[in-house]
Amino acid sequence: MRLILLGPPGAGKGTQCKRIVEKYGLTHLSSGDILRAERAAGTALGRKAQSYMDSGALVPDDVIIDMMAGAMQKAAGGYVLDGFPRTVAQAEGLDAALDKAGQTLDAIVNLVVDDEVIARRLTGRRSCPVCGAVYHIENLKPRVEGQCDKGCGPLVQRDDDKPQVVRARLKTYHEQTAAVVGYYQRRGRSVVEIDADRDIDDVTTALFAELDRLAG
Ligand code: ADP
Ligand code: AMP
């Protein structure tokens, strides 16, 4: 299966992708996670991405399209895209990469949630810098406050989850990313809308129902 999970930052894409990966055996391709790994490794790509990420802006389309096309090529057993495409130009680049590889997408899912909820989710998010696990200070608490359940050590708040950058990221979403849904609809692709303003488990149930239907 090849899927896209669309939705604003903080909609729960990463949280749900981890569950999709476990159940359907897909590779999770998160453009944000890949960029953070490049930054941690100090690569030229990571250095280039840094200032855009820290200000809540988008990394240039050509850089992202090349990076994701490379990652997709390595995911032979299918994948779920998270955080990509984030502009109409990226959606066009993805279509071109899929055409070139003779591949099609099985589903495009949009997690719908409003800005007020998102702001609380992002500012309360805590991440493990070692294993990538994601928690929330109210909605998904670690067993011991501030510590990863897997024994990795202290959790951190992403710099771009601080309130000022969250505001910029939401603005970026509305100005540049929300239009991706319309792009697919105009091309006759159905976009499955899932209400993501409910418990994490309820969102998973709705998502799995859609994916099971597709998997037949
Ligand atoms: P995204 O990958 O879309 O940016 P995340 O999956 O990292 O979003 O979720 C953002 C934050 O919101 C995390 O702290 C996560 O634990 C929390 N979260 C995710 N889904 C829900 C939900 N349905 N209800 C409440 N909190 C959620
Ligand atoms: P995320 O982890 O998806 O919230 O992404 C964190 C940051 O990485 C974003 O605010 C952007 O600066 C950058 N980023 C991630 N994915 C993309 C993308 N598809 N296009 C451009 N920038 C991206």
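As a reminder, the structure under discussion sits directly above these lines.
For clarity, every value in this text was computed on a predicted model and none was experimentally measured.

Caption draft 1: Inspection of the packing of helix α2 (residues 31-41) against helix α3 (residues 44-55) at higher detail. Here α2 crosses α3 at 120°, and the two axes come no closer than 8 Å. Here α2 lies oblique to α3, going by the angle between them. As for how α2 packs across α3, the hand of that crossing is left-handed. Residues G32, L35, R36, E38 and R39 of α2 pack against L45, G46, A49, Q50, M53 and D54 of α3. Grouping the constituent residues of the contact of α2 with α3 by class yields four nonpolar, three polar and four charged.

Caption draft 2: Representation of the site of ligand 2. Around ligand 2, a shell composed of 17 residues is seen, among which S31, R36, A57, G83 and Q90 lie nearest. Between ligand 2 and the protein, one listed contact pairs a nitrogen atom with a backbone N or O atom of V59 at 3.1 Å. One of the side-chain nitrogen or oxygen atoms of Q90 is found 2.8 Å away from a nitrogen atom of ligand 2. Burial of ligand 2 by the protein chains amounts to 96% of its free accessible area of 480 Å². Every element with two or more residues in the shell around ligand 2 is listed here: α2 and α3. When residues of the shell around ligand 2 are assigned to their parent elements, the largest contribution, four residues, is made by α2. Considering only residue class, the shell around ligand 2 consists of eight nonpolar, four polar and five charged.

Caption draft 3: Expanded view of the site of ligand 1. Around ligand 1, the structure places 20 residues, and the nearest of them are G10, T15, R125, Y135 and R198. Between ligand 1 and K13, the relevant distance is 2.8 Å, taken from an oxygen atom to a main-chain nitrogen or oxygen of the residue. Between ligand 1 and the protein, one listed contact pairs an oxygen atom with a side-chain N or O atom of T15 at 2.5 Å. Isolated, ligand 1 exposes 560 Å² of accessible area, and the fraction of that covered by the protein chains is 93%. Sorting the residues of the shell around ligand 1 by element identifies α1 (13-24), β6 (134-136) and α9 (200-215) as the ones contributing at least two each.

Caption draft 4: Fine view of the environment of T123. Within the secondary structure, T123 sits in helix α6 (residues 115-123). The class for T123 is partly exposed, based on a relative accessible area of 27%. With residues near it in sequence (within four places) discarded, T123 still touches Q157, D161, P163 and V166. Reaching out from T123, the side chain makes a polar contact with the backbone oxygen of A119 at a distance of 2.8 Å.

Conventions adopted
- Residues numbered from 1 in each chain as written.
- Chains lettered and ligands numbered in written order.
- Predicted model: local features only at pLDDT ≥ 70, side-chain atom pairs only at ≥ 80, totals over all residues.
- Heavy atoms only, no water.
- Axes fitted to C-alpha atoms, helices over the stretch in contact; angles between N-to-C directions.
- Helix = DSSP H or I, 4+ residues; strand = E, 2+ residues; numbered from the N terminus.
- Parallel < 35°, antiparallel > 145°, perpendicular 65-115°, else oblique.
- Left-handed = near helix turned anticlockwise from the far one by under 90°.
- Contact = heavy atoms within 4.5 Å.
- Nonpolar A, V, L, I, M, F, W, Y, C, P; charged D, E, K, R; others polar.
- Near = heavy atom within 4 Å.
- Polar contact = N/O pair within 3.5 Å; in protein donor to acceptor, adjacent residues only side chain to side chain.
- Areas by Shrake-Rupley, 256 points an atom, 1.4 Å probe, with all protein chains shown as cover.
- Buried < 20%, exposed > 50% of the residue type's maximum accessible area, 1.4 Å probe, protein only.

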